[in-house]
Amino acid sequence: MVIEIADVIISGLINGSVYALMAVGLTLIYGVSKAFNFAYGSFYSLGGYIAFLLFSLSFINNYFVVFLLAVPILLVFGYFVEKALVAPLRKRDDWEIKVMMITLGLALFLDNSFQVIFGSRMKSLPPFLEGGFEAGDFYLSHQDVGIFFLSIGGILLFRWFLNNTRTGMSVRAVAQNPAGAQIVGIPKEFVFAATFAISTVMVGMGGILLAQKYFITPMGGWDILVKAWVITAFGGMGSIKGGLYAAFIVGMLEAFVGWYFGMTWTLIVLFAVLLTTLAVRPQGLLGKWG
Amino acid sequence: MIELVDVNAFYQDFHVLKNVSLAVEKGQIAVMLGPNGHGKSTVLKSICGLVEKVSGVILFEGDTITGLGSEKLVDMGITYIAENRELFPQMSVLENLKLGAYSRSARAFEKENLEKVFDLFPRLRDRRSQLASTMSGGEARMLAIARGLMSNARFLAMDEPSLGLQPNLRDEVARIIKQINDQGITLLVVEQNIPQITELADTLYVLEEGSISFAGSKEDALGNDHLKEIFLGM
């Protein structure tokens, strides 16, 4: 019993950490440009498939190389998606709705492309660390520890970027006051595209990390989109700190509900908690940028 | 230094500026008066690249700058100081000032300008780590002006610095504008609640219904019956 609960807590922490990474990415786009990216889940699958493709190349056999290549690929992909699809809409009326529609279209396009290229069967990635810690019946794999620290490391790196670099400061400036940012000469369009690109890396890396434990499927991103969305709304739209708390709460909740009631109940409980929270606090846990 | 020739500006389909022509000489202070809602802010924003639809010719030191975006113009030395301040609320005073020096040309002078700005506004030095959102109206106004100065601008377009300011701070604002000008910065100021600022003007402009209805010196203005009537009630 004690060991089972420990396992559940560990599973909640690990999933929570990856959810946090992905939710921070989603809340980043919303906080900075007020756009909602419906293709976010498909970017998660894209990360997994990119890693799968890289591993199928004979000269690549470790995760270090995969990360080294996947990050720039995702960055460039995100940047051009924003420039080509989202940016042209921003000048029109009701652009928020139009961005939702076009990213929804992109999601369907990507998912179907995955199906055509990779087939509908599940793909898996090798674990990036072997072995684990053992103490009696208790077992903690190195892979889980690695995933946890990579996700948290990614979030801390992002935080450092926001607070300590010039570009990071300009991202916060656009989020807090777009008109003010324009006045001091910050190129808003570049900041929008850059944040979109960074969030694509965050969710894509989440895909690579979680694909080792679960699988990659063409439609697998929708579950992630829903969860990242629940976490973002739960934590407070545009609040990075709120998103962090919410991600770990959701990770834990999912693990405990899955263990006690069965996995089919997790989404139902998640939405129940979300609705209750929003009924009491419509702005979410910490509904402010910061 | 700055010259506008037959400038028209639009918000969507609304025609705000109609054939506005004016010129501000290097080292001068020009002040623009006129009723609210007649387009004074739009003149400043058009110069600073903050209005989407502008036609006509805007010259800066002889070069055409019409249609350039604010990131280019700030880099060239043209900066707007907003009437509603447009600060970054969840950032410290220091971060706001550093963002004022965002443009490429201002970066090299960041330290130097920070010292200058702190000398001009000693209170900002004391409050450098305070969040902008927690400042009083007067302090926030000072911060907005200071942030504008951080851009190393040679031309400042200052929009209603008296807005939201206690009357006893008005002298202070006039003194600061004088000091900024003494450093060699050219200014176009929209302001009509501070007579001390009008006193500083080398040139006065009056904007009514989107057109310049008067241009000239203070002395000319005093001899103009129409101006006396609308601004002095005489």
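Remember, predicted model here, so these are calculated numbers, not experimental data. (Residues numbered from 1 in each chain as written. Chains lettered and ligands numbered in written order. Predicted model: local features only at pLDDT ≥ 70, side-chain atom pairs only at ≥ 80, totals over all residues.)

A. Representation of the sheet that holds strand β10 (residues 211-216) of chain B within the structure. Residue and element names in this part refer to chain B. Across the sheet, which stays open at both edges, the six strands sit in the order β6-β7-β8-β3-β9-β10 with mixed pairing between neighbours. In the strand order of this sheet, the two ends are held by β6 (78-81) and β10, each with one partner. Ignoring which end each strand starts from, the neighbouring axes of this sheet average 15° apart. Both strand β3 (residues 29-33) and strand β9 (residues 203-208) contribute to a ladder of four bridges, which runs parallel. Its bridge partner lying in β9, alanine 30 is registered against threonine 203. The strands that helix α8 (residues 170-182) touches are β3, β7 (155-159) and β8 (186-190); relative to β8, the one it contacts most, it runs at about 155°. (Pairing = 2+ DSSP bridges. Helix = DSSP H or I, 4+ residues; strand = E, 2+ residues; numbered from the N terminus. Axes fitted to C-alpha atoms, helices over the stretch in contact; angles between N-to-C directions. Contact = placed C-beta atoms within 7 Å.)

B. Fine view of helix α1 (residues 40-47) of chain B. Residues and elements named next belong to chain B. Judged by how many residues are buried, α1 sits mostly within the fold: eight of eight residues are covered. Along α1, the residues that are buried comprise Lys40, Ser41, Thr42, Val43, Leu44, Lys45, Ser46 and Ile47. Downstream of α1 by a residue or two, glycine 49 has a phi angle that is positive, lying close to 75°. (Buried ≥ 20, exposed ≤ 12 C-beta atoms within 10 Å, placed from the backbone.)

C. Fine view of the pairing of β10(B). Residue and element names in this part refer to chain B. Bridge analysis of β9 against β10 gives five bridges, and the strand direction is antiparallel. When the bridges of β10 are listed, leucine 204 appears paired with glycine 216. Where β9 folds back onto β10 in an antiparallel hairpin, the turn is made up of two residues, including glutamate 209, whose phi is positive at roughly 50°.

D. Main features of the sheet that holds strand β5 (residues 63-64) of chain B. Residue and element names in this part refer to chain B. Read from one edge of the open sheet, four strands run β2-β1-β4-β5, paired in antiparallel fashion. Of all the strands in the sheet, the pair left with one neighbour each is β2 (14-24) and β5. When strand β4 (residues 53-60) meets β5, the two strands line up antiparallel, connected through two bridges. Paired with leucine 59 across the strands is threonine 64, a residue of β5. The strands touched by α1 within the sheet are β1 (2-11), β2 and β4, with β2 carrying the most contacts at an inclination of about 70°.

E. Representation of the nonpolar core in the model. Grouped together as the largest cluster of nonpolar side chains are 151 residues, with contacts concentrated most on A:Met22, A:Ala23, A:Val24, B:Leu143 and B:Ala146. Among the elements that make up this core, the one with the highest residue count is helix α8 (residues 188-211) of chain A (14 residues). Beyond its immediate stretch of four places on either side in the chain, A:Ala23 contacts A:Ala228, A:Ile231, A:Thr232, A:Gly235, A:Gly243, A:Ala246 and A:Ala247. (Core = buried A, V, L, I, M, F, W, Y, C linked by C-beta atoms within 7 Å.)

F. View of the interface of chain B and chain A. Taken residue by residue, the interface counts 21 residues in chain B and 16 residues in chain A. Contributions of two or more residues to the side of chain B that touches chain A are made by α2 (70-76) and α3 (93-100) of chain B. For the side of chain B that touches chain A, a count of residues per class yields 10 nonpolar, five polar and six charged. (Nonpolar A, V, L, I, M, F, W, Y, C, P; charged D, E, K, R; others polar.)

G. The arrangement of the environment of A:Ala228 in detail. All names here are of chain A. Within the fold, alanine 228 resides in helix α9 (residues 221-235). Given 30 C-beta atoms within a 10 Å radius, alanine 228 is considered buried. Counting along the chain gives 52 residues from alanine 228 to valine 280, while the straight-line C-alpha distance between them is 21 Å. Each residue touching alanine 228, except ones within four places of it in the same chain, is listed here: Met22, Ala23, Leu26 and Tyr40.

H. The packing of helix α3 (residues 63-86) of chain A against α8(A), seen in detail. Residue and element names in this part refer to chain A. In the contact formed by α3 and α8, the axes pass within 7 Å of each other and the chain directions differ by 135°. Considering their axes alone, α3 and α8 lie oblique with respect to each other. Here the hand of the crossing between α3 and α8 comes out right-handed. Seen from α3, the contacting residues are Ala70, Val71, Leu74, Leu75, Phe77, Gly78, Tyr79, Val81, Glu82, Lys83 and Val86; seen from α8, they are Phe192, Ala193, Phe196, Ala197, Ser199, Thr200, Val201, Gly204 and Ile208. In terms of residue class, the contact of α3 with α8 is made up of 14 nonpolar, four polar and two charged. (Parallel < 35°, antiparallel > 145°, perpendicular 65-115°, else oblique. Left-handed = near helix turned anticlockwise from the far one by under 90°.)

I. Molecular detail of the packing of helix α2 (residues 40-56) of chain A against α8(A). Residue and element names in this part refer to chain A. Axis separation between α2 and α8 bottoms out at 7 Å; the angle between their running directions is 55°. Viewed along their axes, α2 and α8 adopt a mutual orientation that is oblique. Pair α2 / α8 crosses with right-handed handedness. In this structure, α2 contributes Tyr40, Phe43, Tyr44, Ser45, Leu46, Gly47, Gly48, Ile50 and Ala51 to the contact, and α8 contributes Thr200, Val203, Gly204, Met205, Gly206, Gly207, Ile208 and Ala211. Across the contact of α2 with α8, the residue classes tally to 10 nonpolar, seven polar and no charged.

J. Layout of α8(A). Here α8(A) contains 24 residues, and its C-alpha end-to-end distance of 34 Å stays within 8% of the 34 Å for a straight helix at 1.5 Å per residue. In terms of residue burial, α8(A) counts as a mostly covered element, since 21 of its 24 residues are buried. (Expected span 1.5 Å × (residues − 1).)

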